[in-house]
Amino acid sequence: MSGGFNLADAFDAVAETCAAQDAVVQGGTRRTWAAVERRARNLAAWMLERGATHQGKVAVYTYNHPAYVEGVYAAMKAALVPVNVNYRYREAELRYLLDNADAEIAIVHAEFVPLVRAVAGQLPRLRGVLVIDEDGGGALDGLPGAAGYDAVAETDRPAPRVARSPDDHLFLYTGGTTGMPKGVMWRQADLFLRLAGGGLMPPPDSLDGLRAVVANPPIPMRALIGPPLMHGTGWFTSVIAWLAGGSVLLLDNPTRFDPHELWQVVERERATSVTIVGDSFAKPMLRALREAPRPYDLSSLALISSSGVMWSQETKAGLLAAAPQLMLIDSFSSSEAVGMGLSVTTAAGVVQTGTFQLSDTTRLFSEQLALLDAVPGAKGLVGVGGPQPVGYYKDPEKSARTFVETPHGRFSVPGDWAVVNEDGRTLSLLGRGSVCINTGGEKVFPEEVEEVVKRFPGVLDCVVVGVPDERFGEAITAVVSAGAPLDGEALKAFVKQHLAGYKAPRHVLQVDDVYRSPSGKADFARTRQVALERLGLA
């Protein structure tokens, strides 16, 4: 597909235009676009000095930190490929990812150095490690080509002379629901086309056009990122903000989520947007607003967006009561497919959670990956066209199953099911087929049940899984957290009021905290294991 730009070229154009404005802010660290461009340039030159090869891979293994956005920018400046690393991985998972990605350079927080040191000997391509060691602990010993991150970033070097291209890649490793993580390969030009303008308006068709847009934005974008940058929701939102000439705002403490801290940052930094992942963020945020000793100043805030996990109407209503000016957005996307759909809720009008618009580039497919007619009641896999990933790194078979060529163009079909509503124009999401529960021959999507369970009084969060059942094959099991003991039978009856009886949980298990990843996505494997143990089925 034509159009789009190398992201480093685009960021350079923004840095030139917005030099004195904030590019990234975290606590007491505030860096302008000029400072970030300079630091990224120095980091890029160091990576090439270490012998990184054209389109070699740079693993970014950090918490949310200015080094994350700088490091990705630096990799792209050097015509290298940024690779995200989940900071929850243990030794075997880390070794697999770094080896699978052919990592040549790594950017690492000091506390992760022991794990990197343990696997470095099995990574023959690794040529350099940049260590973020803010406490000055001297964690460089035993690492190939190790150097302190800040020392390199602050040492001026000549700008790297490399041939950058719109075809340069960025990798987004996704854990999925089964198996080892897979590297989703994006052309940078395609990401530009998807993310410039927030995906809501045509992107600029030249770098001069980009300069003109960021020089006079309608509203300066100050985007507070709640989830980890290591996941697509966090990182892609950061790219959207940067391509708008805006600022990326990070929570002061990157290792835990404190909703009061989030609102304090909104107030202090005059954030215009907040990115979250569903009710695991939104419900604590709403509680914090209600229990605050004084109202937070939210007058700068225009929108809160969620991607990856739907959030409930009740939570949205509470947030709108506190800040009626807000636009609340559900974005239906995944690592493999950006732009499947959008749902917007405002004080003036409510769009049902999980309802998304059909379009020329959003279509339904059968399990055999044949295009379906979008007639009311049709159920199928959602596919999205337009700029999408190239495929999965080193996995042509999975690429062929996910990225489908049709007479109407190429579509990404990552495995999410939906049904066409009676209006024939919108879709209601059902969930990911890989975690679908088969109970008595009926297919039940966990997300559909979770959204109802979360509306039961007292429920804070919920993940639904299937467990073995002698009669029905699988039994629907709701694992919930709540502020007080729940009446499981009353909860089951509540679900039956809103869904077909076979979709109601047969088991309700209460836990202190529902099991989720740092990004807020359900940890189905751990939830199921806990359910099996609690029910004596393990």
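Above this note sits the structure.
Source: prediction; values computed, not measured.

Focus on the overall build of the protein
Moving on, step 1. Secondary structure summary: the protein contains 16 helices and 28 strands in total.
Moving on, step 2. Over its C-alpha trace the protein gives a radius of gyration of 23 Å, about what one expects of a compact globule, namely 24 Å for 538 residues.
Moving on, step 3. If one aligns the C-alpha atoms of the protein with their principal axes, the spans along those axes are about 70 × 55 × 50 Å.
Moving on, step 4. The buried share among the 538 residues of the protein stands at 58%.
Moving on, step 5. Long-range contacts, defined here as pairs at least 24 residues apart, represent 67% of the contacts in the protein between residues at least 6 apart.
Moving on, step 6. Counting every atom, the protein has about 21,500 Å² of accessible surface; 51% of that belongs to carbon and sulfur.
Moving on, step 7. Of the side-chain charges in the protein, 51 are positive and 60 negative, and the distance between the mean point of each set is 1 Å.

Describing the packing of aromatic side chains
Moving on, step 1. This structure, assessed with the given rule, holds 17 aromatic pairs.
Moving on, step 2. With centroids separated by 4.7 Å and ring planes inclined at 55°, the aromatic side chains of Trp33 and Trp242 adopt a geometry described as tilted. Pair noted here: Trp33 is in helix H2 (residues 33-49) and Trp242 is in helix H9 (residues 232-243), with a separation of 209 residues, a long-range link.
Moving on, step 3. Looking at Trp242, the relative accessible area reads 1%, which means it is buried.
Moving on, step 4. Taken together, the ring pairs in this structure connect Phe11, Trp33, Tyr73 and Trp242 into an aromatic cluster.

A look at the pairing of strand S4 (residues 81-84)
Moving on, step 1. Of the two faces of S4, the one carrying Val81 and Val83 and the one carrying Pro82 and Asn84 are both buried.
Moving on, step 2. Bridge count between strand S3 (residues 57-61) and S4: four bridges; the pairing is parallel. Considered in S4, the bridge of Ala59 is made with Val83.

Topic: the side chain of Thr233
Moving on, step 1. Following the sequence through the fold, Thr233 ends up in helix H9.
Moving on, step 2. You can call Thr233 buried: its relative accessible area is 15%.
Moving on, step 3. Here Thr233 is in contact with Pro227, Thr275, Ile276, Val277 and Ser307, once residues within four sequence places are set aside.

Notes on the side chain of Glu104
Moving on, step 1. Checked against the element boundaries, Glu104 lands in strand S5 (residues 103-109).
Moving on, step 2. For the buried Glu104, which has no salt bridge, the nearest side chain bearing the opposite charge is Arg127, at an N-O separation of 4.5 Å.

Digging into the sheet that holds strand S27 (residues 473-482)
Moving on, step 1. Overall, mixed pairing links the three strands, which are arranged S26-S27-S28 in an open sheet. Each end of this open sheet is capped by a strand with a single partner; those strands are strand S26 (459-469) and strand S28 (507-510). With strand direction ignored, the average angle separating the axes of adjacent strands in the sheet is 25°.
Moving on, step 2. Taken together, the four bridges between S27 and S28 define a ladder with parallel strand orientation. Bridge pairing in S28 places Thr477 opposite His507.

Some remarks on the pattern of salt bridges
Pairs can form between side chains of opposite charge whenever their charged atoms are close.
Moving on, step 1. A full pass over the atoms with the stated rule returns 38 salt bridges.
Moving on, step 2. Note that Lys454 is salt-bridged to Asp279, the shortest N-O span being 4.0 Å. On the criterion of sequence distance, the pair formed by Lys454 in the loop between helix H14 (446-453) and S26 and Asp279 in helix H11 (residues 279-291) is long-range, its members being 175 residues apart.
Moving on, step 3. For Lys454, a relative accessible area of 4% corresponds to the buried category.

Procedures and definitions
- Residues numbered from 1 in each chain as written.
- Predicted model: local features only at pLDDT ≥ 70, side-chain atom pairs only at ≥ 80, totals over all residues.
- Heavy atoms only, no water.
- Helix = DSSP H or I, 4+ residues; strand = E, 2+ residues; numbered from the N terminus.
- Rg over C-alpha atoms; globule rule 2.2 N^0.38 Å.
- Buried < 20%, exposed > 50% of the residue type's maximum accessible area, 1.4 Å probe, protein only.
- Contact = heavy atoms within 4.5 Å.
- Areas by Shrake-Rupley, 256 points an atom, 1.4 Å probe, with all protein chains shown as cover.
- Lys, Arg positive; Asp, Glu negative; His and termini not counted.
- Charge placed at Lys NZ, Arg CZ, Asp CG, Glu CD.
- Phe/Tyr/Trp six-rings, centres within 6.5 Å; stacked < 30°, edge-to-face > 60°.
- Pairing = 2+ DSSP bridges.
- Salt bridge = Lys/Arg side-chain N within 4 Å of Asp/Glu carboxyl O.
- Axes fitted to C-alpha atoms, helices over the stretch in contact; angles between N-to-C directions.

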